[in-house]
Amino acid sequence: MSRTVYCQFLKKEAPGLDFQFYPGELGKRVFDNISKEAWAQWQTKQVMLINEKKLNMMNVEHRKLLEEQMIAFLFEGQDVEIEGYKPQ
């Protein structure tokens, strides 16, 4: 049986993540407040960001940028902006 959370991104009850995907306090916050559906949407945006901005996950500054974008997307309602990309 999957667990249910009130998803802060979707603003509704939805199936929660099976385990904590991200480390630390932010990971706990995501696990407690973000649904599988919202996390999947973030992962799509994350891949776009990494590819389009040519981010290197070994670079601390690039990881920090990605984390800031994740917080803005999942908790602050800001969409990820990628130059030249127009959502359908």
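That block above? That's the structure.
Summary of the structure given here. Since this is a predicted model, take the numbers as computed values, not measurements. (Residues numbered from 1 in each chain as written. Predicted model: local features only at pLDDT ≥ 70, side-chain atom pairs only at ≥ 80, totals over all residues. Heavy atoms only, no water.)

**Observations regarding the overall build of the protein chain**
Next, step 1: Each helix and strand counted, the protein chain has three helices and two strands in total.
Next, step 2: For the protein chain, the N- to C-terminal ordering of α and β elements is β-β-α-α-α.
Next, step 3: Along the first, second and third principal axes, the C-alpha set of the protein chain runs to 40 × 30 × 20 Å.
Next, step 4: When the 88 residues of the protein chain are sorted by exposure, 30% land in the buried category.
Next, step 5: Taking contacts inside the protein chain between residues at least 6 apart in sequence as the whole, the part at least 24 apart equals 50%.
Next, step 6: Total accessible area computed for the protein chain in this model is approximately 6,100 Å², and 51% of it derives from carbon and sulfur atoms.
Next, step 7: Here the protein chain carries 12 positive and 13 negative side-chain charges, and the mean point of each set is 2 Å from the other. (Helix = DSSP H or I, 4+ residues; strand = E, 2+ residues; numbered from the N terminus. Buried < 20%, exposed > 50% of the residue type's maximum accessible area, 1.4 Å probe, protein only. Contact = heavy atoms within 4.5 Å. Areas by Shrake-Rupley, 256 points an atom, 1.4 Å probe, with all protein chains shown as cover. Lys, Arg positive; Asp, Glu negative; His and termini not counted. Charge placed at Lys NZ, Arg CZ, Asp CG, Glu CD.)

**So, the packing of helix α1 (residues 24–33) against helix α3 (residues 60–75)**
Next, step 1: Packing of α1 against α3 brings their axes to within 12 Å, and their N-to-C directions diverge by 25 degrees. Comparing the axis directions of α1 and α3 gives the class roughly parallel. Relative to α3, α1 is oriented so that their crossing is left-handed. Together, Leu26, Arg29, Val30 and Asn33 of α1 and Glu67, Met70, Ile71, Leu74 and Phe75 of α3 make up the contact between the two elements. (Axes fitted to C-alpha atoms, helices over the stretch in contact; angles between N-to-C directions. Parallel < 35°, antiparallel > 145°, perpendicular 65-115°, else oblique. Left-handed = near helix turned anticlockwise from the far one by under 90°.)

**What to know about the pairing of strand β2 (residues 12–15)**
Taken residue by residue, a regular strand's side chains alternate between the two faces of the sheet.
Next, step 1: Judged from the four bridges that link them, strand β1 (residues 4–7) and β2 form a sheet pairing that is antiparallel. Each bridged residue has a counterpart across the sheet, and for Cys7 the counterpart in β2 is Lys12.
Next, step 2: Connecting β1 to the antiparallel partner β2 that follows it, the hairpin turn spans four residues, and Lys11 within it adopts a positive phi of roughly 60 degrees. (Pairing = 2+ DSSP bridges.)

**Considerations on α1**
Next, step 1: Residues Leu26, Gly27, Val30 and Phe31 constitute the buried set of α1. End-on, the buried residues of α1 take up no more than an arc of 135 degrees, which puts them together on one face. (Arc of directions from axis to C-beta.)

**Digging into the packing of aromatic side chains**
Next, step 1: Counted under the stated rule, the structure contains four aromatic pairs.
Next, step 2: Where Phe21 meets Trp39, the ring centres are 5.7 Å apart and the plane angle is 15 degrees; that geometry is what we call stacked. Of the two residues, Phe21 sits in the loop between β2 and α1 while Trp39 sits in helix α2 (residues 36–52), which places them 18 residues apart along the sequence.
Next, step 3: You can call Phe21 partly exposed: its relative accessible area is 40%.
Next, step 4: Residue class for Trp39 comes out buried when judged on its relative accessible area of 7%.
Next, step 5: Ring geometry for Trp42 versus Phe73: centroids 5.8 Å apart, planes at 40 degrees, classification tilted. Placement of Trp42 in helix α2 and of Phe73 in helix α3 is noted, with a sequence separation of 31 residues between them.
Next, step 6: Each residue in the set Phe9, Trp42 and Phe73 is aromatic and connected to the rest through ring pairs, giving one cluster. (Phe/Tyr/Trp six-rings, centres within 6.5 Å; stacked < 30°, edge-to-face > 60°.)

These figures capture arrangement, not role.
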